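Next come the chains, spelled out residue by residue.
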Amino acid sequence: MKKNMITGSKLWSIAMITSLLAACSAPATTSTTANAATSTTGTTKTVSFSEQTSVKYADLVSLDADDTNISWSEADSTAIKLNGTTATVTGSGAKAANGSVTITEAGTYVLSGELTDGQIVVNVADKGTVHLVLNGATIHDNDSAAIYIQKAGKAVITLEKGTKNTVSDGKTYVYADATTDEPDAAIFSKADLTFNGAGQLTVTGNYNEGITSKDDLKIISGSISVKAADDGIKGKDMVAIQAGTISIEAEGDGIKSTNDTDTTKGYVAIAGGTFDIQSGNDGIQAETALVADGGTYNIVTGGGSANAPAKVEEGPFGGGGGGWGGGTPPTDMGTPPDGEPPADMPEMPTNSGTNAGANTNGATASSSTNTTTTDNNADADTATTATESTSAKALKAGTDLTVNGGTYTIDSMDDSLHSNNNVTVNDGTFNIESGDDGIHADQALTINGGTITIAKSYEGLEGAIITLNDGDVDVTASDDGVNAAGGETETAANTTASTDSATTATDAATTSNISVTETTGTTSTTDQASQGTTANQQGRGPGGMGGAAASNNEFHINGGSLTVNAGGDGLDSNGSIDMTGGTVIVNGPTNSGNGALDYDGTFEISGGYLVAAGSSGMAQGTSDASTQNTIVMTFPATQKAGTLVHVQDSEGNNILTFAPAKDYQTVVVSSQDLAKDGSYVIYSGGTSTGKAVDGLYTDGTYSGGTQVVAFQSTSNVTWVNESGVTTANTGMGGPGGGGGQGGFGGGRNRSQSGTTSDSTGTTDSAK
């Protein structure tokens, strides 16, 4: 299903949006000859991608001796003793006056005591390194930054082991004039800023932000707690965290980098540490790349997933009075009059109910104002124009997001992992509850390892090109479990709308890259006349709107395990799916408007193990071009959740023993143990002595079931019902277009998915 959600102010063009065809729209016809290409007239966009998944913290961050220096001595440093509204300086390089201390020379300065209303100012003309040691210091300024690094080559703040230190500001700042808006954080630096040491630091940014650096910001170690009216920790050129314990409570973003003018900067790189982030907006946001090698993360954004605005479902063409596109409706739905959907199809929601949320921080009026954070990309499935005023993602990258390890517990109002370009997960343990997508990439989403549990989401995994190479992924989604959609799309015949994305994905810091090749005019690499009816031809019926051509979207399954429990489509691709290995278990929808498998191009399987259970109305199997065999079983009536379905061969060998988590009527199973000309028996009910993992039994003895059908497999994809081998489900057409009074028009004729000409016994055309 498509989602009409609140999107960013930099919306994709209306032409782009209308060219994003729904995952429930017409798939390209497949016969025994694979559909290798499409012939299109107009502008065609081709997406190709190359992955470089090895980028790590060390590739982006280099440390010098000052960054790691925590040593000092009384003989080689200047002591600054804070005492209420005054301070005493012992040594050179600093002066105290009017309740503040100004440091004008490079060197080491040791601060202790309490300053109740004053400021530590660093203004070193020779650009040397200033080393501030917080040795049990409490510093507060009522109307400005408590620590202000105006000028220095670098500032290093060491948290002395065994000490507790506090830095805070007031709710209102006083500036020299109306054009001045800096400083705006309790600790503010115009130079590179590094934190190290083994002590504790508590920062309260009552006015705006907690800690800000206009250059590099590095945290080497220490225990740092930040509470901020807006952003917690912010660096312009980079935020690099090597270790430490970091706790953030921020009305805005938790941790962020902001350089949007230099693609080699503006990144966040984390080697490790312990993070507890409660943010009104994004948890960790990088303007360019975000890389996390490890660490332990507890992130809650926007009040959590329970606080997410309701999603509005609509048809792929934006709603309206159009009919239900598609091929011949299943006979068990009757033959309704033109323009009316069958009685048992779910009602299509309207466009109403958009919920825009605004974010405001706790700062009082001043010369610097906090604007709401806007997302600079629209989600792949956005079907209508709207605005998204609050971005509350947990991990967010403007270019590439790479996770190499770590433990993540996330409860996000918005996407949990998000990139405007690519997401790569190489390892890590994830426990995710999301108010929107679990993991979203505008372009390529690649999973090479890790354990990912998405316990709650609107859509679990979403990206233009999704690849599962390894790892254990468990997805629960109220809509699609996996959705390959968005990115650059392939236009259908006579479509002149531009498919340029508003977001230009720029490769930064040796991360992966996307290349887009544009050709204008008519392109054709394969004569589709020999491949049966084209997608555009099959998508037209009396009074209906033309069906969707398959896009360039891809879902590749090469290994690992994937378990899906979806309220919408289980596996959904606006293009194609291919599977060469791994184990996939799908508990699909119970309504007839979605399917456990939903693809617009082909689904070719050559290895691995697939089982998908769900409703029968939109059921698809794998494609005839597959080299691994598949059985698609449609039961005469809906089976209750937990009712075993068992498939065995003529010698009694187990092919499938599975207890779907939800009610189901169709089950798809593909295994390397299935033979094209094998004899099989399907049972319903009964018990197994084995142990189920996600409902799938791989050991034990099955008994006590009722035989439903015995049959001889006759093709790569064999469709059966209780009477024997039958033809593929013709399916119900996807929602029609947005304007007319069309009836049952073109769109989604399912006959391409594993059609067989043989029929054994009486074909149950109702299934």
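This one's a predicted model, so the numbers in the text were calculated from it and none came from an experiment. (Residues numbered from 1 in each chain as written. Predicted model: local features only at pLDDT ≥ 70, side-chain atom pairs only at ≥ 80, totals over all residues. Heavy atoms only, no water.)

1. What to know about the overall build of the protein chain
Now for step 1: For the protein chain, the count of helices and strands is four helices and 62 strands.
Now for step 2: For the protein chain, contacts bridging at least 24 residues in sequence account for 64% of all contacts bridging at least 6.
Now for step 3: As presented, the protein chain carries roughly 26,300 Å² of accessible surface, and 46% of it is formed by carbon and sulfur atoms. (Helix = DSSP H or I, 4+ residues; strand = E, 2+ residues; numbered from the N terminus. Contact = heavy atoms within 4.5 Å. Areas by Shrake-Rupley, 256 points an atom, 1.4 Å probe, with all protein chains shown as cover.)

2. Notes on the packing of aromatic side chains
Now for step 1: Under the definition given, this model contains 10 aromatic pairs.
Now for step 2: Between Tyr297 and Tyr408, the ring centres sit 4.4 Å apart and the planes meet at 5°, which makes this aromatic pair stacked. On the criterion of sequence distance, the pair formed by Tyr297 in strand S27 (residues 296–301) and Tyr408 in strand S31 (residues 407–412) is long-range, its members being 111 residues apart. Across the pair, Tyr408 and Tyr297 agree in class, each one buried.
Now for step 3: Geometrically, the ring pair formed by Tyr599 and Phe603 is edge-to-face, given 5.9 Å between the ring centres and 90° between the ring planes. Taken as a pair, Tyr599 and Phe603 share a single burial class, namely buried.
Now for step 4: Lying across the ring of Tyr458, Lys311 places its NZ or CZ 5.5 Å from the centre. (Phe/Tyr/Trp six-rings, centres within 6.5 Å; stacked < 30°, edge-to-face > 60°. Buried < 20%, exposed > 50% of the residue type's maximum accessible area, 1.4 Å probe, protein only. Lys NZ or Arg CZ within 6 Å of the ring centre and 35° of its normal.)

3. As for the environment of Val291
Now for step 1: In this fold, Val291 is placed in strand S26 (residues 290–292).
Now for step 2: When its relative accessible area of 0% is taken as the criterion, Val291 is described as buried.
Now for step 3: Sequence separation between Val291 and Leu395 is 104 residues, and the spatial gap between their C-alpha atoms is 9.8 Å.
Now for step 4: Among residues more than four places away in sequence, those in contact with Val291 are Val55, Lys56, Tyr57, Leu60, Val268, Ala269, Ile270, Thr402 and Asn404.

4. Let's talk about the pattern of salt bridges
Now for step 1: This model, assessed by the stated rule, comprises 10 salt bridges.
Now for step 2: Residue Lys154 pairs with Asp64 through a salt bridge whose shortest N-O separation is 2.7 Å. Within this pair, whereas Lys154 is found in strand S11 (residues 154–159), its partner Asp64 is found in the loop between helix H2 (57–60) and helix H3 (65–68), the two being separated by 90 residues in sequence.
Now for step 3: Exposure remark for Lys154: the relative accessible area of 8% places this residue in the buried category.
Now for step 4: For Lys256, the salt bridge goes to Asp231, with nearest N and O atoms at 3.6 Å. Separated by 25 residues along the polypeptide, Lys256 in strand S22 (residues 255–257) and Asp231 in the loop between strand S18 (223–228) and strand S19 (233–235) bring together distant segments of the chain.
Now for step 5: Connected via shared salt-bridge partners are Asp64, Asp67, Lys154 and Lys218. (Salt bridge = Lys/Arg side-chain N within 4 Å of Asp/Glu carboxyl O.)

5. Digging into the side chain of Ser419
Now for step 1: Along the chain, Ser419 falls in strand S32 (residues 417–419).
Now for step 2: The exposure class assigned to Ser419 is buried, which follows from its relative accessible area of 0%.

6. With respect to the side chain of Ser168
Now for step 1: Looking at where Ser168 falls in the secondary structure, it is placed in strand S12 (residues 164–169).
Now for step 2: Filtering out sequence-adjacent residues up to four positions away, Ser168 remains in contact with Ile139, His140, Asp141, Ala146, Ala186 and Thr204.

7. As for the environment of Thr116
Now for step 1: Mapped onto the secondary structure, Thr116 falls in the loop between strand S7 (107–115) and strand S8 (120–123).
Now for step 2: A relative accessible area of 35% places Thr116 in the partly exposed class.
Now for step 3: With 52 residues separating them along the chain, Thr116 and Ser168 place their C-alpha atoms 9.7 Å apart.
Now for step 4: Residues in contact with Thr116, not counting those within four places in the same chain, are Gly84, Thr85 and His140.

8. Concerning the confidence of the model for the protein chain
Close reading of the predicted structure is inappropriate where its pLDDT is low.
Now for step 1: Considering every residue of the protein chain, the mean pLDDT works out to 78; 70% of them sit at 70 or more.
Now for step 2: A low-confidence stretch, residues 731–767 (pLDDT under 50), is modelled with 178 contacts involving residues beyond four sequence positions or located in other chains. (pLDDT = per-residue confidence, 0-100.)

9. Describing the pairing of strand S6 (residues 100–103)
Now for step 1: The pairing of strand S5 (residues 94–97) with S6 spans four bridges and is classified as antiparallel. Considered in S6, the bridge of Lys95 is made with Thr102.
Now for step 2: Between the end of S5 and the start of S6, which pair antiparallel, lie two residues, with Asn98 showing a positive phi angle near 55°.
Now for step 3: Sheet topology places S6 next to S8; three bridges connect them, and they run parallel. Across the sheet, Val101 pairs through a bridge with Ile120, a residue of S8. (Pairing = 2+ DSSP bridges.)

10. A closer look at the pairing of strand S36 (residues 444–447)
When a strand is regular, its side chains alternate between the sheet's two faces.
Now for step 1: What you see with S36 is no split at all: Ala444 and Thr446 on one side and Leu445 and Ile447 on the other are buried throughout.
Now for step 2: Across three bridges, the pairing between strand S33 (residues 422–425) and S36 is parallel. Of the residues in S36, the one forming a bridge with Val425 is Ile447.
Now for step 3: The pairing of S36 with strand S39 (residues 465–468) spans four bridges and is parallel. Opposite Ile447, over in S39, you have Leu468 as the bridge partner.

11. Observations regarding unusual backbone geometry
Now for step 1: Pro183 follows Glu182 through a cis peptide bond whose omega is 0°.
Now for step 2: Among the structural elements, Pro183 can be located in the loop between S12 and strand S13 (185–189).
Now for step 3: With phi around 60°, Lys127 is a residue other than glycine that occupies positive phi space.
Now for step 4: By secondary structure assignment, the location of Lys127 is in the loop between S8 and strand S9 (129–141).
Now for step 5: By relative accessible area, which is 51% here, Lys127 ends up exposed.

12. Some words on the environment of Val584
Now for step 1: One can find Val584 in strand S47 (residues 583–587).
Now for step 2: Sequence-wise, Val584 and Val669 are 85 residues apart; in three dimensions their C-alpha atoms are separated by 9.9 Å.
Now for step 3: Contacts of Val584, omitting those with residues within four sequence positions, involve Ile557, Leu562, Leu571, Met579, Tyr609, Leu610 and Val611.

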